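Structural description and commentary
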Amino acid sequence: MKYLLDTARLESIEHFVEYYPISGVSSNPSIVKKEGRIDFFSHMRRIREIIGRERMFHVQVSAQDFEGMLRDADAILEGIDSEVYVKIPANETGFKAMKSLKGQGVHVTATAVYSAAQGLLAMECGADYLAPYFNRMENLGTDPEEEIRLMAAMAKRDGYPTRVLAASFKNMGQVNRALRAGAEAVTIDPEVFAKGVALAAVKEAVDTFDQDWNSNFGAITIADMK
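Let us look at the structure shown here. (Residues numbered from 1 in each chain as written. Predicted model: local features only at pLDDT ≥ 70, side-chain atom pairs only at ≥ 80, totals over all residues. Heavy atoms only, no water.)

**Let's talk about the overall build of the protein chain**
Counting secondary structure elements, the protein chain contains eleven helices and eight strands. By principal-axis analysis of the C-alpha atoms, the protein chain measures approximately 70 × 40 × 30 Å. Relative to its full complement of 226 residues, the protein chain shows a buried share of 47%. Relative to all contacts within the protein chain whose residues are 6 or more apart in sequence, the contacts with residues 24 or more apart total 55%. (Helix = DSSP H or I, 4+ residues; strand = E, 2+ residues; numbered from the N terminus. Buried < 20%, exposed > 50% of the residue type's maximum accessible area, 1.4 Å probe, protein only. Contact = heavy atoms within 4.5 Å.)

Take a look at the structure:
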């Protein structure tokens, strides 16, 4: 089970990497747009500096044609590093690009996955990760859990190395459902992540512990008693 951050916001990445067991970062053109007209490669390299080479970094191409996707992939690998997972849309042109990139030994993530059919084709193309869009699938009337369950089951049954990296969440309940369905990794917007762990009941319990301790021992801590 791996938790990734779906953001390019440097401050958020620094914070979450410090406090939480984050396995990497995922980005796409829409996420990058939120940061404004940044120096793309400088910004991406800074993200890599923050998360280190031991964590995954998924970066999406912007081109929609085959040759453009390959040029974008080359630029990403040269401008950031060779360990980046290049995100390719799971459409007809994308499948062709996935096959070509995997033939070169590139890490590939199939993104914009709305169905198990797309995911299974991406597996056959050699994709390392599949990124099904949980909330968007649900909005379209598709059962995202069933699609994820099928993708995970087929990968296991047929021995594919492909793993499910679920994306597009509006709350942590959806995240938990994706993991229960068979996703081995999830990429989450930091705001969704923060809201999911900042429960009022938790704060109330911690405050009660603090009040009870202080009423019994005062301001000294356990360490002070040693």
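From this point on, the discussion continues.
**Concerning the nonpolar core**
The biggest cluster of nonpolar side chains holds 59 residues, and the ones touching the most others in it are Phe-57, Ile-88, Met-98, Ile-148, Val-186 and Ile-188. Per-element tally for this core: the top contributor is helix α4 (residues 66-79), with six residues. Other than its neighbours up to four places away in sequence, Ile-148 contacts Pro-132, Phe-134, Val-164, Ala-166, Ala-178, Ala-181, Gly-182 and Ala-183. Counting residues in each nonpolar core, the second largest holds six residues, with Leu-4, Met-56, Tyr-85 and Leu-165 among its members. (Core = buried A, V, L, I, M, F, W, Y, C linked by side-chain atoms within 4.5 Å.)

**Quick look at helix α3 (residues 40-51)**
The terminal C-alpha atoms of α3, which comprises twelve residues, lie 17 Å apart, in line with the 16 Å expected from a rise of 1.5 Å per residue. Looking at α3, one finds that the buried residues are His-43, Met-44, Ile-47, Arg-48, Ile-50 and Ile-51. Mapping the buried residues of α3 onto a view down its axis gives an arc of 160°, with all of them on the same face. Two residues or fewer past α3, Gly-52 is found with a positive phi of approximately 80°. (Expected span 1.5 Å × (residues − 1). Arc of directions from axis to C-beta.)

**A look at a nonpolar patch on the surface**
There is a patch of nonpolar side chains on the surface, built from Leu-199, Val-202, Val-206 and Phe-209 and spanning about 390 Å² of accessible area. The residue Val-202 is located in helix α11 (residues 200-217) in this model. Judged by its relative accessible area of 42%, Val-202 is partly exposed. (Patch = residues over 30% accessible without salt bridge, like charges linked within 9 Å, V, L, I, M, F, W, Y side chains within 5 Å. Areas by Shrake-Rupley, 256 points an atom, 1.4 Å probe, with all protein chains shown as cover. Salt bridge = Lys/Arg side-chain N within 4 Å of Asp/Glu carboxyl O.)

**With respect to the pairing of strand β3 (residues 56-60)**
In regular strands, side chains alternate between the two faces of the sheet. Burial analysis of β3 places five of its five residues in the buried class, the great majority of the element. Across three bridges, β3 lies against strand β4 (residues 85-89) in parallel orientation. Paired with Gln-60 across the bridge in β4 is Lys-87. Of the crossover connections in this fold, the one passing from β3 over α4 to the parallel β4 is right-handed. (Pairing = 2+ DSSP bridges. Right-handed = clockwise from strand over helix to strand, strands pointing away.)

**So, helix α10 (residues 190-197)**
Those residues of α10 lying buried are Pro-190, Val-192 and Phe-193. Mapping the buried residues of α10 onto a view down its axis gives an arc of 160°, with all of them on the same face. Away from its buried face by more than 90 degrees, α10 exposes Glu-191 and Lys-195. Where α10 is buried, its residues contact β1 (2-6), α1 (10-19), β2 (22-26), α9 (172-181) and β8 (185-188). Measuring from the backbone nitrogen of Glu-191 back to the side-chain oxygen at the start of α10 gives 2.7 Å, which picks out Asp-189 as the cap. (Polar contact = N/O pair within 3.5 Å; in protein donor to acceptor, adjacent residues only side chain to side chain.)

**Let's talk about the packing of α4 against helix α5 (residues 92-103)**
What describes two packed helices is the angle between their axes and the distance between those same axes. The geometry of α4 relative to α5 is characterised by a closest axis approach of 9 Å and an angle of 45° between their N-to-C directions. Here α5 runs oblique to α4, going by the angle between their axes. Along this stretch, α4 crosses α5, giving a crossing that reads as right-handed. Residue-level contacts link Phe-66, Met-69, Leu-70 and Ala-73 of α4 to Thr-93, Gly-94, Lys-96, Ala-97, Ser-100 and Leu-101 of α5. Tallied by class, residues from the contact of α4 with α5 come to six nonpolar, three polar and one charged. (Axes fitted to C-alpha atoms, helices over the stretch in contact; angles between N-to-C directions. Parallel < 35°, antiparallel > 145°, perpendicular 65-115°, else oblique. Left-handed = near helix turned anticlockwise from the far one by under 90°. Nonpolar A, V, L, I, M, F, W, Y, C, P; charged D, E, K, R; others polar.)

**Quick word on the layout of surface pockets**
Quantified by volume, the largest pocket comes out at close to 760 Å³. The set of elements that each furnish at least two residues to the lining of the largest pocket consists of α2 (29-33), β4, β5 (108-113), α7 (134-139), β8 and α10. Among the residues making up the lining of the largest pocket, the classes are represented as twelve nonpolar, eleven polar and nine charged. Lining the second largest pocket are Ser-27, Asn-28, Pro-29, Val-32, Phe-40, Val-59, Gln-60, Val-61, Ser-62, Asp-72, Ala-75 and Ile-76. (1 Å grid on protein atoms, 1.4 Å probe; cavity = no way out; pocket = protein on both sides within 12 Å on 5 of 7 lines; lining within 4 Å. Points joined across faces, edges and corners; volume = space filled by probe spheres on them.)

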